[in-house]
Amino acid sequence: MNQLIRVFYRNALNSCCGLILSVCAVQAAPFAYITNQLDDAVAVIDTQTNTVVKTIQVGSKPAGVAVTADGSLIYVSNPESQSISVINGRTLQLVDSKKLGSGPVGIAIDAKGKRVYVADWYENVVRVLDGKSLRLIKTIKVGKAPAGLVVSDDGKRVYVSNRDSDSVSIINAKTLKVVVTEKVGHHPFGITVDRDGKRLYVANVLSNDVTVLDAQSLKHVATIDVGELPYVVALTASGKRLFVTNQSDDTVSVIDTESNKVIHTIDVDETPEGVAIHPDQQHAYVSNWMSGNVSVINMNDLSIEKTIETGQGSRAFGQFIQRDEP
């Protein structure tokens, strides 16, 4: 009888411990997924401790990354191996891959995780995939050398920057057709839209500025001069601050979106490329390609809070941290 009681309590304790570990995993701070192009890998940063907790091998020369709203799946584009990889955000294991086109670079997902959009740099198209099965739904012709991609929060519009056409296009997510294309600066790359779907921001690499557009009509609102070779843009949830990585300056420009003026410039490490806002809205993470690390910016005082070594060629082009809920 005593032996049976001991077995019962031991099994109950093991079940409780498993439950506690499961709850802890769900409640853990979100991860930042940094594509390291020269390592053919993704470094996973626990943003609570700001340490790399795992490195995951993916395809060749990974570039773009997109995390679902619930953090359960991470999609990575691999231009050189002409593929995309899928990582399980709970187990941090590579769970799927798919050959796709000639040069997948930009990658984005809708808020519900139903569709994945991939910009093919060489074929001048955006491919639409089913988020679960990776089944190809449609291929959409856009401008030359499409790069940046972002989906509006309501899922109705997909925006793509066409680098070699110096333009931005809107794709209707229902009809999967391009509905409007407008010229912006020279060599547009990174792109983002505000939560209300009113303003679109585009980093123009060779004109050293950011174009501000009406997000529905693509009518020009403003042009903001920033540093040299601006690459990627990230917007706070409130839409009041825009962070811009400047590759040649090794800086990040901070823009006040009400005045459309640069209010601060932050020195980071060499060749900053990707930038994403942490869901706590207190920190911005910047990947530095040449330095192989990530700078963590304290958004309250705009200082560098920490530098995290990640790997060779840290790029992280896209939404590489799970966003807070709209």
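For the structure itself, consult the block above.
Keep in mind that what you see is a predicted model, and the values were worked out from it rather than measured. (Residues numbered from 1 in each chain as written. Predicted model: local features only at pLDDT ≥ 70, side-chain atom pairs only at ≥ 80, totals over all residues. Heavy atoms only, no water.)

Relative to the helices and strands, Asn 293 is located in strand S26 (residues 293–298). For Asn 293, a relative accessible area of 2% puts it in the buried group. Among the polar contacts made by the side chain of Asn 293, one reaches the side chain of Asp 269 at a distance of 2.7 Å. (Helix = DSSP H or I, 4+ residues; strand = E, 2+ residues; numbered from the N terminus. Buried < 20%, exposed > 50% of the residue type's maximum accessible area, 1.4 Å probe, protein only. Polar contact = N/O pair within 3.5 Å; in protein donor to acceptor, adjacent residues only side chain to side chain.)

With that settled, the discussion passes to the packing of aromatic side chains. One pass over the structure, following the stated rule, counts five aromatic pairs. Seen from their ring centres, Phe 31 and Tyr 33 are 6.3 Å apart, and the 80 degrees between their planes marks the pair as edge-to-face. For Phe 31, a relative accessible area of 18% gives the class buried. Owing to a relative accessible area of 2%, Tyr 33 belongs among the buried residues under this scheme. Ring plane angle 40 degrees and centroid distance 4.9 Å describe the contact between Phe 189 and Phe 317, whose orientation is recorded as tilted. Of this pair, Phe 189 sits in strand S16 (residues 188–193) while Phe 317 is found in strand S28 (residues 317–319), placing the two residues 128 residues apart along the sequence. The exposure class assigned to Phe 189 is buried, which follows from its relative accessible area of 4%. Three or more aromatic residues link up through ring pairs in this structure, and these residues are Trp 121, Phe 189, Tyr 231 and Phe 317. (Phe/Tyr/Trp six-rings, centres within 6.5 Å; stacked < 30°, edge-to-face > 60°.)

The next point concerns the sheet that holds strand S14 (residues 167–172). Spatial strand order, S12-S13-S14-S15: four strands in an open sheet with antiparallel pairing. Strands with a single pairing partner mark the edges of an open sheet, and in this sheet they are strand S12 (146–151) and strand S15 (177–183). Ignoring strand direction, the axes of neighbouring strands in this sheet form an average angle of 20 degrees. Looking at chain direction, strand S13 (residues 157–162) and S14 are connected through six bridges and run antiparallel. Residue pairing in the sheet places Arg 157 in a bridge with Asn 172 of S14. (Pairing = 2+ DSSP bridges. Axes fitted to C-alpha atoms, helices over the stretch in contact; angles between N-to-C directions.)

A separate point is the pattern of salt bridges. Taken as a whole and judged by the stated rule, the model has 10 salt bridges. The residue Arg 127 makes a salt bridge to Glu 123 at a minimum N-O spacing of 2.5 Å. What makes Arg 127 buried here is its relative accessible area of 10%. A relative accessible area of 27% means that Glu 123 is categorised as partly exposed. Put simply, Arg 241 and Asp 256 hold a salt bridge, and the shortest N to O gap is 2.9 Å. (Salt bridge = Lys/Arg side-chain N within 4 Å of Asp/Glu carboxyl O.)

Spatial relationships are all this shows, so hold off on functional conclusions.
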